[in-house]
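These are the residues of each chain, in order.
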Amino acid sequence: MIRNRIAALAATAVAASLLLTACNATDEAASAAKDGVGTALQSLHFNSGTAKQNHAPANTGDWATGAGKPAATPAAKKWVQLSASRAGDLNPVVVNGAGFTLYRFDKDTANPSKSNCNDACATTWPPVVVAPGGKIFVDGVDKSDVGVVKRADGNLQVTVGGWPVYRFSKDLKPGDTNGQGVGGTWFGVTPDGQKAGVQEQGGTGGTGTGTAASTSVVLSDETNFGDPSEGLAGSGCQNVARDDSASSLRASGSLKIWSEKNCKGESKVVQGDIADLASIGFDNKISSVFLG
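Residues numbered from 1 in each chain as written. Predicted model: local features only at pLDDT ≥ 70, side-chain atom pairs only at ≥ 80, totals over all residues. Heavy atoms only, no water.

**With respect to the packing of aromatic side chains**
Then comes step 1: The final tally for this structure, using the stated rule, is eight aromatic pairs.
Then comes step 2: Plain terms: the ring middles of Tyr103 and Trp125 are 5.5 Å apart, the flat faces sit at 80° to each other, and that makes the pair edge-to-face. Of this pair, Tyr103 sits in strand β4 (residues 103-105) while Trp125 sits in the loop between α2 (120-124) and β7 (129-139), and the two are 22 residues apart along the sequence.
Then comes step 3: Residue classification places Tyr103 among the buried residues on the basis of a relative accessible area of 0%.
Then comes step 4: Three or more aromatic residues joined by ring pairs form one cluster here, namely Tyr103, Phe105, Trp125, Tyr166, Phe168 and Trp186. (Phe/Tyr/Trp six-rings, centres within 6.5 Å; stacked < 30°, edge-to-face > 60°. Helix = DSSP H or I, 4+ residues; strand = E, 2+ residues; numbered from the N terminus. Buried < 20%, exposed > 50% of the residue type's maximum accessible area, 1.4 Å probe, protein only.)

Below, the structure is given as structure tokens:
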């Protein structure tokens, strides 16, 4: 009996030792990964001001893909620029050295920083990547809000406020904001990592601060959700039957509203219920919406 108890105690001790070893190995791996990013961040050089002010060579860094050309497959650059600026209706929003809008993705995470946009996604939304030892020019963006995260392909992606940042392949000239609100998950990024241009409205039945894309909306001709009203549901661009008549709307998430049919003209990303569309300059102006 005593011999059996001793054997059992010995087996328990061995199991505990193995478990502790595994835990330590996991902790060490996580620490090594964190240290690797930290080392990469320390290798970067931060310069105040723009690339032009710092005399960056032509056709390098953010200037390698010029206006009129789609954002290319991500390639590590010797320098990138992060400037607080205005693009379309977005103010402030971060743009790169060539003036192109930078975006964040709701399906990524900021704490810890992680990109979940890979493969085909990264072709449509090329990540802003910088070479180890490269330069980041900060212009109106606080250095303390800038970092990097290691992507699945090994590249270092720039982060703002912890959020990995991207270009959009359908932005063809500086100031384009064609990626704003796409899928209800892509938004221009502000200098501190927030969503640019999102009108967060509270109201009865609305989420107010939700981030999911809405798949339905009710447009009311009167303020405060009065009748008559029209409902739309589904995904993608939906034309409104009675355009230019809505004065309020109900939605459970975010959507993009447009002033012309087929999602053209003036646009704005909204989130949750809006009791009076005049408060965002869109009273009697909605002709189409983008859902889902």
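The rest of the description comes next.
**Here we look at the nonpolar core**
Then comes step 1: If you look at the biggest cluster of nonpolar residues, it comprises 18 residues, and the most contacted ones within it are Leu82, Leu102, Ile136, Val146, Val158 and Val165.
Then comes step 2: Beyond its immediate chain neighbours, meaning those up to four positions away, Val158 contacts Val80, Leu82, Val128, Val130, Ile136, Val146, Gly147, Val148, Trp163, Pro164 and Val165.
Then comes step 3: Counting residues in each nonpolar core, the second largest holds 17 residues, with Ala246, Val270, Ile286 and Leu291 among its members. (Core = buried A, V, L, I, M, F, W, Y, C linked by side-chain atoms within 4.5 Å. Contact = heavy atoms within 4.5 Å.)

**Here we look at the side chain of Gln157**
Then comes step 1: The residue Gln157 is located in strand β9 (residues 156-160) in this model.
Then comes step 2: Looking at Gln157, its side chain comes within polar contact range of the main-chain oxygen of Val165, at 2.9 Å.
Then comes step 3: In this structure Gln157 touches Ser115, Pro127, Val128, Val129, Gly147, Val148, Val149, Arg151, Pro164, Val165 and Tyr166, once residues within four positions along its chain are discounted. (Polar contact = N/O pair within 3.5 Å; in protein donor to acceptor, adjacent residues only side chain to side chain.)

**Quick look at the state of the cysteines**
Disulfides are covalent bonds that connect the sulfur atoms of two cysteines.
Then comes step 1: What the rule picks out here adds up to two disulfides.
Then comes step 2: Each sulfur in the disulfide pair Cys117 and Cys121 lies 1.9 Å from the other. As the torsion about the S-S bond is roughly -105°, the Cys117-Cys121 disulfide counts as left-handed.
Then comes step 3: Each sulfur in the disulfide pair Cys237 and Cys263 lies 2.2 Å from the other. An S-S torsion of about 110° defines the bridge between Cys237 and Cys263 as right-handed. Of this pair, Cys237 sits in strand β15 (residues 236-239) while Cys263 sits in the loop between β17 (254-260) and β18 (264-271); the two residues are 26 residues apart in sequence, bridging distant segments of the chain.
Then comes step 4: Note on Cys237: relative accessible area 35%, which makes it partly exposed.
Then comes step 5: Residue Cys263 is classed as buried on the basis of its relative accessible area of 14%. (Disulfide = S-S within 2.5 Å.)

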